[in-house]
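The primary structure of each chain is shown beneath.
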Amino acid sequence: QRVSPLVATMIATCLNDRDIYIRRRVVYILADMISRETGVRQAEEPARLTVINYLHNLEEGSIYGLLELAVMDPQVEKSLAQLLNACPTAGRYLANILSDWKNPLPIRQQAAYYIGLVGYMEVLPVLERLLDRLQSRQSSQFSMSFASSPARSDEDILPYLRTAIKQMTA
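Rules of the game
Along each chain, the written sequence defines residue order, and numbers are assigned to residues from 1. Only residues with pLDDT of at least 70 are given local features in this predicted model, and only at 80 or more are side-chain atom pairs given and counted; all residues enter the totals for whole chains, interfaces and linings. Only hydrogens and water are removed before side-chain values are computed, so all heavy atoms of the structure are retained for them. Note on definitions: angles span 0 to 180 degrees between N-to-C directions of axes, and those axes are lines fitted to C-alpha atoms, for helices only across the stretch in contact. Numbering goes from the N terminus for both helices and strands, where a helix is a DSSP run of H or I of at least four residues and a strand is a run of E of at least two. For this classification, under 35 degrees means roughly parallel, over 145 means roughly antiparallel, 65 to 115 means roughly perpendicular, and everything else is oblique. Less than a right angle of anticlockwise turn of the near helix away from the far helix marks a crossing as left-handed, whereas a clockwise turn marks it as right-handed. Residues count as neighbours in contact if any of their non-hydrogen atoms are within 4.5 Å of one another. We call Asp, Glu, Lys and Arg charged. Ala, Val, Leu, Ile, Met, Phe, Trp, Tyr, Cys and Pro are nonpolar, and the rest, Gly among them, are polar. The salt bridge criterion pairs a side-chain nitrogen of Lys or Arg with a carboxyl oxygen of Asp or Glu, the two atoms within 4 Å. Each residue is assigned to one of three classes by its accessible area relative to the maximum for its type, calculated with a 1.4 Å probe on protein chains only: buried under 20%, partly exposed between the two thresholds, exposed over 50%.

S.K.: Quick question: what am I supposed to make of the packing of helix α1 (residues 5–12) against helix α3 (residues 45–56) here?
M.R.: Between α1 and α3, the least distance of the axes is 8 Å, while the angle of their chain directions is 30 degrees. On the basis of their axis angle, the class for α1 and α3 is roughly parallel. Crossing angle aside, the handedness with which α1 passes α3 is right-handed. Taken together, the residues of α3 that come into contact with α1 (itself represented by P5, A8, T9 and A12) are P46, A47, T50, V51 and Y54. A class-by-class count of the residues in the contact of α1 with α3 yields seven nonpolar, two polar and no charged.

S.K.: In this structure, what is going on with the pattern of salt bridges? I would like to understand it.
M.R.: Two side chains carrying opposite charge are able to pair once their charged atoms lie near each other. Evaluation of the coordinates by the stated rule reveals three salt bridges. As a salt-bridge pair, E68 and R23 come within 3.2 Å of each other at their nearest N and O atoms. Within this pair, whereas E68 is found in helix α4 (residues 60–72), its partner R23 is found in helix α2 (residues 20–34), the two being separated by 45 residues in sequence. What makes E68 partly exposed here is its relative accessible area of 30%. A relative accessible area of 7% places R23 in the buried class. The shortest N-O distance in the salt bridge between D73 and R24 comes to 3.4 Å. Residue D73 is found in the loop between α4 and α5 (77–85), and its partner R24 is found in helix α2; the two are separated by 49 residues along the sequence.

Put into structure tokens, the structure is as follows:
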């Protein structure tokens, strides 16, 4: 995979594999290929550029699959951040996943985390609006003692939103 663009492409297409363990291995391989760390054997430039080109074209479903992986294995954080950083549309997709209430809470939390970690500045207004909406919903629930308590997911996502906003504004 370090030499052949064809092999690199075949491996990259496995990012969408149904088996999460295959996806995890592929994340490590691809992150290693696009890395420019010193002391590590570098991939040949044609293979590296092939992987970067593939990552530029990731879709929202692929990003969701990567977040599933992040929930399952926190060890992939560094590698996953490298891949997301190579995808220019990942910030928008992460914001969509975060904003969709139908997505499971751990996936939404990971979306907020990676937005802050990679630093997708274009989605900062989305994070701020979501934070304002959740805080106002929470405060209005507290002011009406007869109303049911705010949704648990609201309380659990607020720290992730605050952290992401803080990372991006620092």
